[in-house]
Amino acid sequence: MGLIDRYLLRLLGWPLAGCLGLTVVALLLERVLRLLDLLSQSAARFDYVTQLALNLLPHYLGLALPVAFFVALFIVISKLSDGSEIDALLAGGQSLERIAAPFVCVGLALSIFSIAVFGYVQPYSRYAYRAVMHAAVNAGWNGRLSGGAFIDDDGSLMTADAADLAGQSLTRVFIRRPDAAGHEELITAASATLQVSADGKTVTMRLKSGRRIGSDARGNYRSLAFDDLTTEAPLKAAASLLRARGGDERELTLGELLRQARSPNPVVPKATLMAEFYGRIARAAFLPFLPLLAFPLGLAAKRGNRAPGLLLAGVLLLAFQHSLLLGQSLAESGRIASLPAVGLPFLIFTGLAVWLFVGSRTRPGDTPISRLVLAMSAQFRRALKPFQRKERAA
């Protein structure tokens, strides 16, 4: 590895790590907020959310990798272009292919990493996520309560304004539940303590300084003030385990997908299995082609068109992802064979990347797409001129 290669890779390192970290954290935070809302009634919601977030990490890492890699490439190439370093390298006899070579090598390494994540880590983490979610949804009440949380278990509602760290010493308690006759009763108390029985089937609630309101068989309401009231509530049994891994093609590793496809009785249709297999391979194999796409668009940014080039790249990446999903859907429905359904979008987008790169060798940054972006930018600026004049006149 030469001095130029080490310099280019050092420039790429921090932008790639920063973009990847920020993208994964942003995606996880959005999902964690939704999980907290979904599991707000679970007394152990923070434990469940932590486990769910950890199991989501490989999924979001796989989603963020191509985006972060391309944005990092775009930043580095734009920086080299703005400083005329690429012009100096080209004037010194280095070809554009030689300059792009270390970035393509990074793409190959990330492609291998992506195959490991998509092919072998993600299926296990996806199943683990579903298993934890199944346990969280079916866990019921465990005899503990966090301050401000609501427990809605088999028609009984319970909440408290505050609770200790163990969730068993409560302040300002409200309970709505059916009584022995099936009529609704309300209980309020200044404080309460909870104690789970040794067999884990019931919880004993000792309520202090409160009021109990209910109705009799004739519908007449009765109110009872108490200083000390002890009552019991049943606890739901532990949730049954989720089915075994492999009921969904996304829970199968690459090797398991091939073995199931060769099996006479696969768990899911063979077309679905092969579409999933080719889809994972295509997403990983596209990474080495991203530098070929980033170079012409990044070099065009030297003319002050960085935002349109980055926007166009985002559109292309989204189009590639959705075209693969469309191909997989067509293959699963049996309309097209799995290999051409996934392979055709892959060949179209990789061919576009190679065509743009080859077209930039003689005049870096000058490609049909970059010229289209320039024309669109000029049209947009002309359309805004009347409004800018009105603002100045005002």
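Residues numbered from 1 in each chain as written. Predicted model: local features only at pLDDT ≥ 70, side-chain atom pairs only at ≥ 80, totals over all residues. Heavy atoms only, no water.

Further remarks concern the packing of aromatic side chains. Scanning the entire structure with this criterion turns up seven aromatic pairs. Summarising the aromatic geometry, the rings of phenylalanine 103 and phenylalanine 295 are spaced 5.9 Å apart at their centres and angled 50° between planes, so their arrangement reads as tilted. On the criterion of sequence distance, the pair formed by phenylalanine 103 in helix α4 (residues 96-137) and phenylalanine 295 in helix α7 (residues 290-300) is long-range, its members being 192 residues apart. Grouping residues by exposure puts phenylalanine 103 and phenylalanine 295 together as buried. Among the aromatic side chains, those forming a connected cluster through ring pairs are Phe103, Phe295 and Phe357. Arginine 245 extends its terminal NZ or CZ atom over the ring of tyrosine 124, reaching a point 4.1 Å from the ring centre. (Phe/Tyr/Trp six-rings, centres within 6.5 Å; stacked < 30°, edge-to-face > 60°. Helix = DSSP H or I, 4+ residues; strand = E, 2+ residues; numbered from the N terminus. Buried < 20%, exposed > 50% of the residue type's maximum accessible area, 1.4 Å probe, protein only. Lys NZ or Arg CZ within 6 Å of the ring centre and 35° of its normal.)

Attention now goes to the packing of helix α6 (residues 270-285) against helix α9 (residues 338-359). Geometrically, a packed helix pair is captured by the angle between its two axes and the distance between the axes. Look at α6 against α9: their axes get within 8 Å of each other, and the N-to-C directions meet at 20°. Looking at the two axes, α6 sits roughly parallel to α9. Remark: the crossing between α6 and α9 carries right-handed chirality. For the pair formed by α6 and α9, the contact residues are Ala271, Met274, Ala275, Tyr278, Gly279, Ala282 and Ala285 on the first element and Ser338, Leu339, Val342 and Phe346 on the second. When grouped by side-chain class, the residues that make up the contact of α6 with α9 number nine nonpolar, two polar and no charged. (Axes fitted to C-alpha atoms, helices over the stretch in contact; angles between N-to-C directions. Parallel < 35°, antiparallel > 145°, perpendicular 65-115°, else oblique. Left-handed = near helix turned anticlockwise from the far one by under 90°. Contact = heavy atoms within 4.5 Å. Nonpolar A, V, L, I, M, F, W, Y, C, P; charged D, E, K, R; others polar.)

One pass over the full model with this rule turns up two cavities of 30 Å³ or more. Grouping the constituent residues of the lining of the second largest cavity by class yields six nonpolar, no polar and no charged. (1 Å grid on protein atoms, 1.4 Å probe; cavity = no way out; pocket = protein on both sides within 12 Å on 5 of 7 lines; lining within 4 Å. Points joined across faces, edges and corners; volume = space filled by probe spheres on them.)

With that out of the way, let us pick up the packing of helix α5 (residues 254-262) against α6. Between α5 and α6, the least distance of the axes is 9 Å, while the angle of their chain directions is 150°. Relative to α6, the element α5 is oriented roughly antiparallel. Where α5 crosses over α6, the handedness of that crossing is left-handed. Between α5 and α6, the residues in contact are Leu254, Leu257, Leu258, Gln260 and Ala261 and Lys270, Leu273, Met274, Glu276, Phe277, Arg280 and Ile281, respectively. Residues of the contact of α5 with α6, tallied by class, amount to eight nonpolar, one polar and three charged.

Examined against the element boundaries, leucine 157 turns out to sit in strand β2 (residues 156-163). Considering only alpha carbons, one finds leucine 157 and leucine 186, 29 residues apart in sequence, at a separation of 9.6 Å.

In this sheet, strand β3 (residues 169-178) lies alongside β2 in antiparallel orientation, the contact comprising six bridges. Each residue of the ladder has a partner; that of methionine 158, found in β3, is isoleucine 175. Hairpin connection, β2 to β3: the antiparallel pair is bridged by five residues, and glycine 167 has positive phi, about 75°. (Pairing = 2+ DSSP bridges.)

What follows covers the layout of surface pockets. As a volume, the largest pocket reaches approximately 660 Å³. Leu63, Phe118, Arg283, Gln321 and Leu325 are the residues nearest the centre of the largest pocket, which is lined by 29 residues in total. Among the elements of the structure, α1 (3-38), α2 (45-82), α4, α6 and α8 (306-332) are those that each provide at least two residues to the lining of the largest pocket. In terms of residue count, α8 provides more of the lining of the largest pocket than any other element does, eight residues in total.

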